[in-house]
Amino acid sequence: MEAHAPLEPQPEVVARAAALRDQLASHRDEGERLRRLPDATIAALDAAGLFRAWVPRRFGGTELGLRTMVDATAEITKGDASAGWLVMILGCGDWLTGLFPDKAQQEVFGPDPDTKICQVLTPKAAARRVDGGWRVSGRWAPASGCLHSEWAMLGMSLPADGGAAFALVPMSELSVEDTWFTLGMRGTGSNMLVGEDVFVPDHRVMHRRPATRGEFPTTENVSPRYRTALVPTLATFLIAPVLGLAEHALEHVLAQAGRKGIAFTSYAHQLDSTGFQLAVAEAATKIDVARLIMHRSAATVDGHALAGTHPDLLERTRLRQHSSHALQQCREAVDVLVNAYGAGAMSERDPLHAVVRDVQTAARHALAHPVSNAEIFGRALLGVEPGITEMI
């Protein structure tokens, strides 16, 4: 790849992602049946370099900027929402691993830079201290992409008020329970991971509290990619697949407007109806707002990394709140479009059917919970303590 300034937008990557749309769409139904991405889809994303985007450059990755990644992921999602989701999730796994001590990174990426890391960051299990590390047993879900991963990053709580931590565990030391039976995003294979008395050495553990404050282990990764604020990066990236779904819905509705009529009216074409015109304008504006938020947030996150600064608490809560607002705008846009389009959207033969299912599932990620995010932001605005989460 050509040399670029750190984190600057790379439109050629976005174009490469967009070029995969038809190929990914052709395998989407298979992925829904399998409840995982087909091998052909994984191979196409690997060949396009999208699963190496946040692998450290010293291991063969490309360390792309957040703006490039969100735009590319939105394009992937238009072909297959589950594929877009896994580009986000597994990309975050690579990036988070790049924050761990060098010994852990070498274990993960050294044998193969195409190694994939799924994550369940919620501390769903309590660890106990042993010589040289920790022992943990637990069940973690939903683990999106676990069926394609060689490693998992798992949340665990530490004793004696040690807080929460992220642990890197080989998939060979875990089992997978087939639990992913859902309304939407079926191809993500987000099953349950089970670990029994797994040993995690100290170098494969990263404490959450300091990480959310920008205090990461010292590594050989010198790129600003590995100085970006933890939760704002995750929250901003989360917008991309949901935005891609909403944009896909708008494209489809606009393309059909000259062919579909409005039942029980004199309109032979939807596009001639003032009500329909107002609806698509409203939906498009909501989508525009979501994209503006996504781009502004990406610029803010990467801007701090380039400057060597860390956003303060208020700015971090604002970014998390903006993420959930952007997702809400996308959900509302799809609702408006479906209402304008008509009952045909409920047919499995219509592309909108899949969008409705996928957007309702994807937009309910815990990090985007609208009430919690509004409370977190409001508390920061008012200076009210204590906070309700470290994940800011």
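Residues numbered from 1 in each chain as written. Predicted model: local features only at pLDDT ≥ 70, side-chain atom pairs only at ≥ 80, totals over all residues. Heavy atoms only, no water.

Draft legend 1. View of the domain arrangement of the protein. Under the domain assignment, the protein is made up of domain 1 (11–112), domain 2 (117–207) and domain 3 (228–382). The C-alpha-based centres of domain 1 and domain 2 are spaced at 21 Å. With 25 residues of domain 1 at the interface, the matching set in domain 2 holds 25 residues. Counting each side, the surface lost to burial between domain 1 and domain 2 is near 2,300 Å², with a carbon and sulfur contribution of 66%. It is R35, R36 and F100 in domain 1 that bury the most area against domain 2; as a group they hold 30% of the surface buried on that side. The tally of links from domain 1 across to domain 2 stands at 3 salt bridges. (Domains from an automatic or database assignment. Contact = heavy atoms within 4.5 Å. Buried area = accessible area lost by both parts, 1.4 Å probe. Salt bridge = Lys/Arg side-chain N within 4 Å of Asp/Glu carboxyl O.)

Draft legend 2. Summary view of the UniProt feature "domain: Acyl-CoA dehydrogenase/oxidase N-terminal" (unreviewed entry) in the protein. In this numbering, the UniProt entry assigns the feature "domain: Acyl-CoA dehydrogenase/oxidase N-terminal" (unreviewed entry) to residues 20–106. The span residues 20–106 shows a helical share of 68% and a strand share of 0%, and its end C-alpha atoms are spaced 31 Å apart. (UniProt positions renumbered as here; feature names shortened; annotations may be inferred. Helix = DSSP H or I, 4+ residues; strand = E, 2+ residues; numbered from the N terminus.)

Draft legend 3. Looking closely at the sheet that holds strand β5 (residues 175–177). One open sheet holds the 7 strands; their spatial order is β5-β6-β2-β1-β3-β4-β7, and the pairing between them is mixed. One side of each edge strand has no neighbouring strand; the edge strands of this open sheet are β5 and β7 (205–207). Between one strand axis and the next, the sheet turns by 25° as a mean value, whatever way the strands run. In this sheet, β7 lies alongside strand β4 (residues 163–170) in antiparallel orientation, the contact comprising 3 bridges. Counted as the bridge partner of A165 is H207 from β7. (Pairing = 2+ DSSP bridges. Axes fitted to C-alpha atoms, helices over the stretch in contact; angles between N-to-C directions.)

Draft legend 4. The arrangement of the UniProt feature "domain: Acyl-CoA dehydrogenase C-terminal" (unreviewed entry) in the protein in detail. Per the UniProt record, the feature "domain: Acyl-CoA dehydrogenase C-terminal" (unreviewed entry) sits at residues 240–368. For residues 240–368, the helix share is 71%, the strand share is 0%, and the end-to-end C-alpha distance is 13 Å.

Draft legend 5. A look at a nonpolar patch on the surface. Together, L381, L382 and V384 give the surface a local cluster of nonpolar side chains, amounting to about 300 Å² of exposed area. Mapped onto the secondary structure, V384 falls in the segment after α12 (370–382). (Patch = residues over 30% accessible without salt bridge, like charges linked within 9 Å, V, L, I, M, F, W, Y side chains within 5 Å. Areas by Shrake-Rupley, 256 points an atom, 1.4 Å probe, with all protein chains shown as cover.)

Draft legend 6. Structural view of the nonpolar core. Among the nonpolar cores identified, the biggest contains 118 residues, and L45, L193 and L230 are the most heavily contacted of them. Here the element with the most residues in this core is helix α8 (residues 230–256); it accounts for 15 residues. Once residues lying within four places of it in the same chain are set aside, the contact partners of L45 are L20, L24, L37, L50, F51, I76, A83 and V87. (Core = buried A, V, L, I, M, F, W, Y, C linked by side-chain atoms within 4.5 Å. Buried < 20%, exposed > 50% of the residue type's maximum accessible area, 1.4 Å probe, protein only.)

Draft legend 7. The arrangement of unusual backbone geometry in detail. Look at the link from A141 to P142: it is a cis peptide, with omega at 0°. On the secondary structure map, P142 appears in strand β2 (residues 133–143). Positioned with a positive phi, A160 is a non-glycine residue whose angle comes to about 55°.

Draft legend 8. Up close: the pairing of strand β1 (residues 117–130). Relative to strand β3 (residues 151–158), β1 runs parallel, the two sharing 6 bridges. Along β3, the bridge assignment pairs V120 with L154. Taken together, the 4 bridges between β1 and β2 define a ladder with antiparallel strand orientation. Along β2, the bridge assignment pairs R128 with R135. Remark: 2 residues form the turn of the hairpin made by β1 and β2, two consecutive strands paired antiparallel; G132 in that turn has positive phi of roughly 85°.

Draft legend 9. The pattern of salt bridges, seen in detail. Counted by the stated rule, this structure contains 27 salt bridges. The closest approach of N and O atoms between R58 and E220, which form a salt bridge, is 3.6 Å. With a gap of 162 residues between them, R58 in the loop between α3 (39–47) and α4 (66–79) and E220 in the loop between α7 (208–212) and α8 connect regions that are remote in the sequence. Judged by relative accessible area, R58 falls into the partly exposed class, the value being 35%.

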